[in-house]
Amino acid sequence: MKTIETLKNSTVTLRRYSESDIELLYEKLGKDPEIARYTGWNPYSTMESCSEFVHEIVSGYESDSDAYGWIIEADNIPVGEIGAYGYLTEDRSIEIGYSIFREFWGKGYATEALSLVLDFLKDIREIETVRAWTATDNQKSERVLLKNGFEKTEIKDKAL
């Protein structure tokens with residue numbers, strides 16, 4: 001992730017994770033059952049797993065990893081996270097995921113953050129395809145993807 005940088009527009013700033021984010025991520029994402037309902041895997045479900053995940057991301061900033069991760073901030077306040085991972089060389093594709101802290105849902109932060117990350121990925125990797133998924137009842141997340149040019153290609157009864 002040597003090329004990862006701070007990304008910003010007039011609404012959000014995307015910055016690197018830091019160890020000081022661990023407790024906040026655990027509180028806002030790990031302990032919120034509504035967030036857990038919409039994620040396939042919650043690395044923040046325990047303080048220990050949260051700490052391990054954040055340390056893994058932070059240590060990856062100095063490697064040539066094919067994974068990218070940012071904390072989303074609005075007005076210098078953390079409002080969520082976004083990342084890209086699972087790069088596939090054969091079709092130059094990558095998967096994207098994001099979570100917004102519940103009190104900031106519906107304010108456009110995910111849409112703005114996703115737009116920044118998509119531009120970043122095209123510029124640095126010439127990614128041809130970005131993959132994403134949502135729970136079928138998470139219509140707000142689906143709208144975020146559609147606003148950013150995603151197309152619905154498949155519906156699965158059970159994703160896991």
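Just above sits the structure.
Residue numbers run consecutively from 1 along every chain, following the written order of its sequence. Residues qualify for local features only when their pLDDT is at least 70, as the model is predicted, and side-chain atom pairs are given and counted only at 80 or more; totals for whole chains, interfaces and linings, by contrast, use all residues. The side-chain figures draw on all heavy atoms in the structure; neither hydrogens nor water molecules are used.

Engineer: Explain unusual backbone geometry to me, using residue names and the numbers behind them.
Structural biologist: In this structure, Asp-75 takes a positive phi of about 55° despite not being glycine. For Asp-75, a relative accessible area of 71% translates into the label exposed. The phi torsion at Asn-76 lies on the positive side, around 65°, for a residue other than glycine. If you trace the backbone, Asn-76 turns up in the loop between strand S3 (68-74) and strand S4 (77-88). Here the term buried applies to any residue with accessible area under 20% of the maximum for its type, exposed to any over 50%, and partly exposed to those in between, with areas from a 1.4 Å probe on protein chains only. Strands here mean DSSP runs of E at least two residues long; helices mean DSSP runs of H or I at least four residues long; both are numbered from the N terminus.

Engineer: Please set out the packing of aromatic side chains residue by residue, giving values where relevant.
Structural biologist: Working definition: rings of Phe, Tyr and Trp (its six-membered ring) pair if their centres are within 6.5 Å, and the pair is stacked with planes under 30 degrees apart, edge-to-face with planes over 60 apart, and tilted otherwise. Evaluation of the coordinates by the stated rule reveals five aromatic pairs. Aromatic side chains Tyr-44 and Phe-53 sit 5.5 Å apart centroid to centroid with 85° between the ring planes, which places their arrangement in the edge-to-face category. Comparing Tyr-44 with Phe-53, the two get one shared label, buried. When the centroid spacing of 6.4 Å and the interplanar angle of 15° are considered together, the rings of Tyr-68 and Trp-70 count as stacked. Trp-70 sits in the buried class, given a relative accessible area of 0%. Three or more aromatic residues joined by ring pairs make a cluster, and in this case those are Tyr-68, Trp-70 and Phe-120. Taking NZ or CZ as reference, Arg-16 lies 4.5 Å from the ring centre of Tyr-61, over its face. The rule is short: NZ of Lys or CZ of Arg within 6 Å of the ring centre and within 35 degrees of the ring normal puts a charge over the ring.

Engineer: Give a description of the environment of Val-12 that names residues and reports values.
Structural biologist: By the secondary structure assignment, Val-12 is in the loop between strand S1 (7-8) and strand S2 (13-15). With 42 residues separating them along the chain, Val-12 and Val-54 place their C-alpha atoms 21 Å apart. By definition in these notes, contact holds between two residues if any of their heavy atoms fall within 4.5 Å. In contact with Val-12, other than residues within four places in its own chain, are Leu-7, Ile-72, Glu-73, Tyr-109, Glu-112, Ala-113 and Leu-116.

Engineer: Can you explain the environment of Tyr-17? Please cite residues and give values.
Structural biologist: Mapping Tyr-17 onto the fold places it in the loop between S2 and helix H1 (22-30). When the C-alpha atoms of Tyr-17 and Val-58 are compared, they prove to be 6.3 Å apart, with 41 residues separating the residues in sequence. Apart from the residues within four sequence positions on either side, Tyr-17 is in contact with Leu-25, Tyr-44, Val-54, Ile-57, Val-58, Tyr-61, Gly-69, Trp-70, Ile-71 and Glu-81. At a separation of 2.4 Å, a polar atom in the side chain of Tyr-17 contacts the side chain of Glu-81. Whenever a nitrogen or oxygen atom comes within 3.5 Å of another N or O atom, the pair is scored as a polar contact, on the condition that within protein one atom can donate a hydrogen and the other can accept it, and that pairs from neighbouring residues in sequence are kept only if both atoms are in side chains.

Engineer: Got a sec to walk through the pairing of S3? Specific residues and values, please.
Structural biologist: Within S3, seven of the seven residues are buried, leaving the element largely enclosed by the surrounding structure. Burial of the side chains of S3 extends over both faces: Tyr-68, Trp-70, Ile-72 and Ala-74 are buried on one face and Gly-69, Ile-71 and Glu-73 on the other. Here, a strand pair is defined by DSSP locating no fewer than two bridges between the strands. In this structure, S2 lies alongside S3, joined through three bridges in antiparallel fashion. Residue pairing across strands places Thr-13 opposite Glu-73, the latter belonging to S3.

Engineer: With reference to specific residues and values, describe helix H3 (residues 47-60).
Structural biologist: Over its 14 residues, H3 runs 20 Å from end to end, which matches the ideal 20 Å to within 8%, given 1.5 Å per residue. Looking at the buried side of H3, the elements it contacts are H1. Expected helix span is taken as 1.5 Å per residue step, with the number of steps being one fewer than the number of residues.

Engineer: Help me get a handle on the nonpolar core, residues and values and all.
Structural biologist: Here, the term nonpolar core denotes a set of buried Ala, Val, Leu, Ile, Met, Phe, Trp, Tyr and Cys residues that are joined through side-chain atoms within 4.5 Å. One finds Leu-14, Leu-25, Ile-82, Leu-114 and Leu-121 to be the most contacted residues of the largest nonpolar core, which totals 43 residues. Listed by contribution, the elements that provide at least two residues to this core are H1, H3, S3, S4, strand S5 (93-100), helix H4 (109-125) and helix H5 (139-147). Take this core: its biggest share by element is nine residues, from H4. With sequence-adjacent residues up to four places away left out, Leu-25 is seen in contact with Tyr-17, Gly-30, Tyr-44, Cys-50, Val-54, Ile-71 and Phe-101.

Engineer: So, the pattern of salt bridges: which residues are in play, and what are the values?
Structural biologist: Should a side-chain nitrogen of Lys or Arg be within 4 Å of a carboxyl oxygen of Asp or Glu, the pair is scored as a salt bridge. Enumeration over the complete set of coordinates arrives at eight salt bridges. Between Asp-21 and Arg-15 there is a salt bridge; the shortest N-O distance is 2.7 Å. Comparing Asp-21 with Arg-15, the two get one shared label, buried.

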